Amino acid sequence: NNEKSVPQLLIRDLKFEKKSLAKLMFSPDQENHPSKAPVKYGELIVLGYNGSLPNGDRGRRKSRFALFKRPKANGVKPSTVHIACTPQAAKAISDKDQHSISYTLSRAQTVVVEYTHDSNTDMFQIGRSTESPIDFVVTDTVPGSQSNSDTQSVQSTISRFACRIICERNPPFTARIYAAGFDSSKNIFLGEKAAKWKTSDGQMDGLTTNGVLVMHPRNGFTEDSKPGVWREISVCGNVFSLRETRSAQQRGKMVENETNQLQDGSLIDLCGATLLWRTAEGLSRTPTVKHLEALRQEINAARPQCPVGFNTLAFPSMKRKDVVDEKQPWVYLNCGHVHGYHNWGNKEERDGKDRECPMCRSVGPYVPLWLGCEAGFYVDAGPPTHAFSPCGHVCSEKTTAYWSQIPLPHGTHTFHAACPFCAHQLAGEQGYIRLIFQGPLD
């Protein structure tokens with residue numbers, strides 16, 4: 001074991017040029033003339049994609065979606081309540097030009113709540129449907145999938161019209177989330193099997209089949225963030241504790257002191273995909289892609305070396321984030337020693353996955369390292385010193401620590417921590433590891 005004789009460095013020992021990086025910290029919006037830019041309410045970023053969808057972002061189907069103030073308000077608010085004796089009568093009431101929510105209580109009774117235009121709010125709709133009322137088309141996330149062909153075979157659990165976000169058009173531009181979205185005939189239809197009920201003030205409310213879950217982090221989305229509690233949001237925006245399973249008939253308990261107001265770092269789970277909400281203000285404090293690129297160049301400039309082949313290692317450019325490069329750094333996930341790719345310690349009896357680290361002899365998975373390129377997932381602008389296990393996505397220590405504590409919904413009743421960049425379930429004691437690089441010998 002010649003570990004002591006070799007110069008080692010942790011990335012935090014590199015002297016990062018604070019001033020030059022500070023210039024890159026601010027988002028491009030702030031560099032332009034803010035008065036001319038349209039008002040941005042915030043952005044939704046789908047977990048599991050490292051900056052773009054595998055086959056590229058196209059139209060309304062992409063890995064992140066910005067919500068801007070609309071030229072003309074399109075929000076709606078509840079108005080008249082009708083009690084119809086037959087579903088046919090209900091259909092007649094819900095006219096194509098009027099937004100409405102229909103609650104089928106039985107074959108003999110349907111309650112229709114009409115919604116009117118609200119000039120103070122903008123509405124954005126999210127779901128699996130590609131019909132025109134949907135602003136942001138979201139499909140099921142398959143962990144680590146490299147192309148959309150990997151995802152097509154899965155039977156989707158995301159609702160076609162999953163949820164809607166209503167943003168106030170005036171400061172502070174509050175954003176609120178509601179389960180279910182209006183379809184092409186401007187209707188939300190809760191059938192006989194959907195959980196629904198009359199509220200104490202005589203209004204109707206209900207839940208969608210697989211539900212819309214929300215988690216607001218404690219202490220905002222910062223390096224001090226802690227996970228909050230997952231809740232379910234109703235069609236009218238009320239907050240409930242979780243059902244026993246995702247689509248159980250019985251609703252959870254109403255949580256009176258919590259609201260459906262989104263905050264920076266809120267997570268929205270649509271049963272098949274999880275979205276991160278970042279406010280415009282929160283994004284202005286987040287590292288930009290330029291900043292991450294500067295950090296990448298800074299690591300490469302320090303010329304880390306492979307302790308076995310003594311060849312210089314380099315993180316590939318952000319654009320080549322799926323192809324393993326010959327200079328790519330690899331890591332032993334049990335100890336954190338970074339190497340170039342080599343065949344040392346590949347014991348045949350160990351099903352090819354586990355390898356022995358030549359530096360410290362610890363045995364474990366050996367994987368290529370990838371930079372986390374989706375800046376919206378970072379809780380701070382720290383250097384990329386840590387990697388998620390077992391996928392090898394690299395980002396700041398505080399960012400790995402935060403995401404490794406978040407229980408993300410998986411399937412209909414389980415939760416587990418996952419890498420935000422590829423959605424792989426985290427493994428090992430912590431779910432991440434500190435990287436140990438070797439400096440150049442000259």
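Residues numbered from 1 in each chain as written. Predicted model: local features only at pLDDT ≥ 70, side-chain atom pairs only at ≥ 80, totals over all residues. Heavy atoms only, no water.

Chemist: Kindly report on helix α6 (residues 397-404), identifying the contributing residues and their values.
Modeler: All of the buried residues along α6 are Thr-399, Thr-400, Tyr-402, Trp-403 and Ser-404. If you follow the buried residues of α6, they end up packed against β14 (212-215), β17 (267-269), β18 (274-279), β24 (386-388), β25 (393-395) and β28 (432-434). (Buried < 20%, exposed > 50% of the residue type's maximum accessible area, 1.4 Å probe, protein only. Helix = DSSP H or I, 4+ residues; strand = E, 2+ residues; numbered from the N terminus. Contact = heavy atoms within 4.5 Å.)

Chemist: Before we move on, could you go through the pairing of strand β5 (residues 99-106) and cite the residues and values that matter?
Modeler: Among the eight residues in β5, six count as buried, and that is most of the element. The loop that links β5 with its antiparallel partner strand β6 (residues 109-118) comprises two residues. Two elements, β5 and strand β11 (residues 187-190), share four bridges in a ladder whose sense is parallel. Opposite Ile-101, over in β11, you have Ile-188 as the bridge partner. (Pairing = 2+ DSSP bridges.)

Chemist: Just give me the short version of the sheet that holds β6, but keep the residues and values in it.
Modeler: Ordered in space as β4-β6-β5-β11, the four strands form an open sheet in which the pairing is mixed. The open sheet has two free edges, formed respectively by β4 (75-84) and β11, since each of these has just one partner strand. Within the sheet, the average angular offset between the axes of one strand and its neighbour, ignoring direction, is 20°. In terms of strand pairing, β5 meets β6 through seven bridges, oriented antiparallel. Bridged to Ser-100 within β6 is Glu-114. (Axes fitted to C-alpha atoms, helices over the stretch in contact; angles between N-to-C directions.)

Chemist: Can you tell me about the confidence of the model for the chain, naming the residues and giving the values?
Modeler: When pLDDT is averaged across the chain, the result is 87; 85% of the residues are at 70 or more. Note on residues 26-34: pLDDT under 50 across the span, and 10 contacts to partners over four residues away in sequence or across chains. (pLDDT = per-residue confidence, 0-100.)

Chemist: Residues and numbers for the pattern of salt bridges, please.
Modeler: Applying the stated rule across the entire model yields 15 salt bridges. The salt bridge partner of Asp-135 is Arg-70, with a shortest N-O separation of 3.0 Å. Residue Asp-135 is found in the loop between β7 (121-127) and β8 (136-137), and its partner Arg-70 is found in the loop between β3 (64-68) and β4; the two are separated by 65 residues along the sequence. Put simply, Lys-398 and Glu-223 hold a salt bridge, and the shortest N to O gap is 3.2 Å. Of the two residues, Lys-398 is situated in helix α6 and Glu-223 in the loop between β14 and β15 (231-233); the sequence distance between them amounts to 175 residues. Residue class for Lys-398 comes out partly exposed when judged on its relative accessible area of 38%. Residue classification places Glu-223 among the partly exposed positions, given a relative accessible area of 41%. (Salt bridge = Lys/Arg side-chain N within 4 Å of Asp/Glu carboxyl O.)

Chemist: Report on the sheet that holds β17, specifying residues and quantitative values.
Modeler: Strands sit in the order β3-β2-β18-β17-β14-β15-β16 across an open sheet of seven strands; the sheet is antiparallel. For this open sheet the edge positions go to β3 and β16 (239-240), each flanked by a neighbour on one side alone. Looking at chain direction, strand β2 (residues 40-46) and β18 are connected through five bridges and run antiparallel. The partner of Leu-44 across the bridge, within β18, is Trp-277.

Chemist: Could you give an account of the pairing of strand β22 (residues 363-368), naming the residues involved and the relevant values?
Modeler: Taken together, the three bridges between strand β19 (residues 330-332) and β22 define a ladder with antiparallel strand orientation. Within β22, the position partnered with Tyr-332 by the bridge is Tyr-366. Looking at chain direction, strand β21 (residues 354-356) and β22 are connected through three bridges and run antiparallel. When the sheet's bridge partners are listed, Arg-355 is paired in β22 with Gly-364. Linking β21 back to β22 in an antiparallel pair, the connection comprises six residues, with Arg-361 at a positive phi of about 70°.

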